[in-house]
Amino acid sequence: MLPALLRPAATFGGAGAALPAFLTRERLTGFFVPLTAVFAGWIVQDFVVDRWFDVDPDFRQQSWLYWYDTDWLAALVAIMAVLVLALTRRRLDPASSLILHMAVGWWIGFLLLVVVLDWRMTPPRGDNWAGCLGMVAGMLVYFWRSRLSGEESIADIRNLFLFVGADPATGWLDGCGVTVDRGGFVVTGAQSEQNQGRPVPPLETSVPGVFAVGDVRSGSVKRVGGAIGEGAQVVAALHGFLGDMAKPAL
Ligand SMILES: Cc1cc2nc3c(=O)[nH]c(=O)nc-3n(C[C@H](O)[C@H](O)[C@H](O)COP(=O)(O)OP(=O)(O)OC[C@H]3O[C@@H](n4cnc5c(N)ncnc54)[C@H](O)[C@@H]3O)c2cc1C
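Keep in mind that what you see is a predicted model, and the values were worked out from it rather than measured.

Draft legend 1. Inspection of the overall build of the protein chain at higher detail. Tallying secondary structure elements over the protein chain gives seven helices and zero strands in all. What you see in the protein chain, going N to C, is helices and strands ordered as α-α-α-α-α-α-α. By residue count, 34% of the 250 residues in the protein chain fall in the buried class. Partitioning the intrachain contacts of the protein chain with sequence separation of at least 6 by distance along the chain shows that 57% fall at a separation of at least 24. Carbon and sulfur atoms make up 66% of the accessible area of the protein chain, which amounts to about 16,300 Å² in all.

Printed below as a string of structure tokens:
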């Protein structure tokens, strides 16, 4: 027989053995504090029960603390531990959420199958089986919800910045011969009638001597580093263009 403290932990342990198969190291580490809170709660529970309640270990089912000879108190303490932790941190992290799903699942399974439907072990035994079924169901609900909507978490957020897209302000180029793409971004490096068949440097527009760099350029990476790099690169292209102009026509 497992000691009382370890019995509910065994189900967590089963889940714990499977979780490393698909969780990242960072997500696994996130379990440390919530699990510590739960185990601390159970240690306090055992201490209080041993010290202040007179429970005969051979007939513990006779005590209301082991209603239906189950570990309902441990499931309740687990719920309280993660809720206190969430209130302290002002957020419900994914690990605490999983523990909450399992512990609430324990209660739903126990209340539904044992208390409401009166499905009992015969001859009477501990009815933790119903709670364990509920825990597994709670775990499945958690995984199902995580897949549907990504991770759910509550965070104390003051500001939210949302980037929903970018429109180039190139309307004023209409009619000056600079080609823009369907989104209005300036096309560079393309052949055009104005270039008269000469090779066009990658940052030059369809108008010779007019260059475009950064976000406004069609096909640019839309990153600061990209804009800086193109800004540096275009200097050489400008010198090349001006040098060509200075050369006498043959
Ligand atoms: C919300 C957000 C978050 C971002 N986060 C990142 C990030 O984390 N890392 C990253 O690398 N990049 C990020 N970017 C992209 C980055 O900001 C751009 O790639 C970069 O600023 C492009 O530089 P730019 O000089 O080409 O254009 P801009 O920085 O847009 O500069 C263009 C300037 O031209 C001015 N202008 C426009 N029209 C005219 C006109 N007719 N006459 C005179 N001036 C005009 C504009 O007012 C503006 O000041 C982010 C962009 C946004 C919007």
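Having seen the model, we can carry on.
Draft legend 2. Seen up close, the side chain of Asp-71. Relative to the helices and strands, Asp-71 is located in the loop between α3 (32–52) and α4 (72–89). For Asp-71, a relative accessible area of 7% puts it in the buried group.

Draft legend 3. Inspection of the site of the ligand at higher detail. Every residue near the ligand is listed here: Phe-163, Trp-172, Gly-214, Asp-215, Lys-222, Arg-223, Val-224 and Ala-227. Asp-215 places a polar side-chain atom, nitrogen or oxygen, 2.7 Å from an oxygen atom of the ligand. Within the backbone of Val-224, one N or O atom sits 2.9 Å away from an oxygen atom of the ligand. Looking at the shell around the ligand residue by residue, the class counts come to four nonpolar, one polar and three charged.

Draft legend 4. Layout of the packing of α3 against α4. Between α3 and α4, whose axes approach to 8 Å, the crossing angle comes to 130 degrees. Here α3 lies oblique to α4, going by the angle between them. Judged by the twist between their axes, the crossing of α3 over α4 is right-handed. Taken together, the residues of α4 that come into contact with α3 (itself represented by Val-33, Pro-34, Ala-37, Val-38, Gly-41, Trp-42, Gln-45 and Val-49) are Leu-73, Ala-74, Val-77, Ala-78, Ala-81, Val-82, Leu-85 and Arg-89. Grouping the constituent residues of the contact of α3 with α4 by class yields 13 nonpolar, two polar and one charged.

Draft legend 5. Structural detail: the pattern of salt bridges. Following the criterion strictly, the structure yields three salt bridges and no others. Across the pair Arg-89 and Asp-93 runs a salt bridge, and its minimum N-O distance is 2.9 Å. A relative accessible area of 6% places Asp-93 in the buried class.

Draft legend 6. Structural context of the packing of aromatic side chains. Inspection of the entire model under this criterion finds 13 aromatic pairs. Consider the rings of Phe-47 and Trp-52, whose centres lie 6.4 Å apart with planes at 90 degrees: the pair is edge-to-face. Here Phe-47 falls in the partly exposed class, since its relative accessible area comes to 48%. Centroid distance Phe-53 to Trp-64: 5.9 Å. Interplanar angle 80 degrees. Geometry classified as edge-to-face. One end of the pair, Phe-53, is in the loop between α3 and α4; the other, Trp-64, is in the loop between α3 and α4, with eleven residues separating them in the sequence. Aromatic ring contacts, followed pair by pair, group Phe-53, Trp-64, Trp-67, Tyr-68, Trp-72, Trp-106, Trp-107 and Phe-110 into a single cluster.

Draft legend 7. Structural view of helix α5 (residues 94–116). In this model, α5 (23 residues) spans 31 Å end to end at C-alpha, consistent with the 33 Å of a helix rising 1.5 Å per residue. The N-capping residue of α5, defined by a side-chain oxygen 3.1 Å from the backbone nitrogen of Ala-95, is Asp-93. Where α5 ends, the next residue or the one after it, Asp-118, has phi of about 60 degrees, a positive value.

Draft legend 8. Summary view of a nonpolar patch on the surface. Judged by side-chain polarity, Trp-67, Val-104, Ile-108, Leu-111, Leu-112, Val-115, Val-116, Leu-117 and Trp-119 come together as a nonpolar surface patch covering roughly 800 Å² of accessible area. Note on placement: Val-115 falls in helix α5.

About the cut-offs
- Residues numbered from 1 in each chain as written.
- Predicted model: local features only at pLDDT ≥ 70, side-chain atom pairs only at ≥ 80, totals over all residues.
- Heavy atoms only, no water.
- Helix = DSSP H or I, 4+ residues; strand = E, 2+ residues; numbered from the N terminus.
- Buried < 20%, exposed > 50% of the residue type's maximum accessible area, 1.4 Å probe, protein only.
- Contact = heavy atoms within 4.5 Å.
- Areas by Shrake-Rupley, 256 points an atom, 1.4 Å probe, with all protein chains shown as cover.
- Near = heavy atom within 4 Å.
- Polar contact = N/O pair within 3.5 Å; in protein donor to acceptor, adjacent residues only side chain to side chain.
- Nonpolar A, V, L, I, M, F, W, Y, C, P; charged D, E, K, R; others polar.
- Axes fitted to C-alpha atoms, helices over the stretch in contact; angles between N-to-C directions.
- Parallel < 35°, antiparallel > 145°, perpendicular 65-115°, else oblique.
- Left-handed = near helix turned anticlockwise from the far one by under 90°.
- Salt bridge = Lys/Arg side-chain N within 4 Å of Asp/Glu carboxyl O.
- Phe/Tyr/Trp six-rings, centres within 6.5 Å; stacked < 30°, edge-to-face > 60°.
- Expected span 1.5 Å × (residues − 1).
- Patch = residues over 30% accessible without salt bridge, like charges linked within 9 Å, V, L, I, M, F, W, Y side chains within 5 Å.

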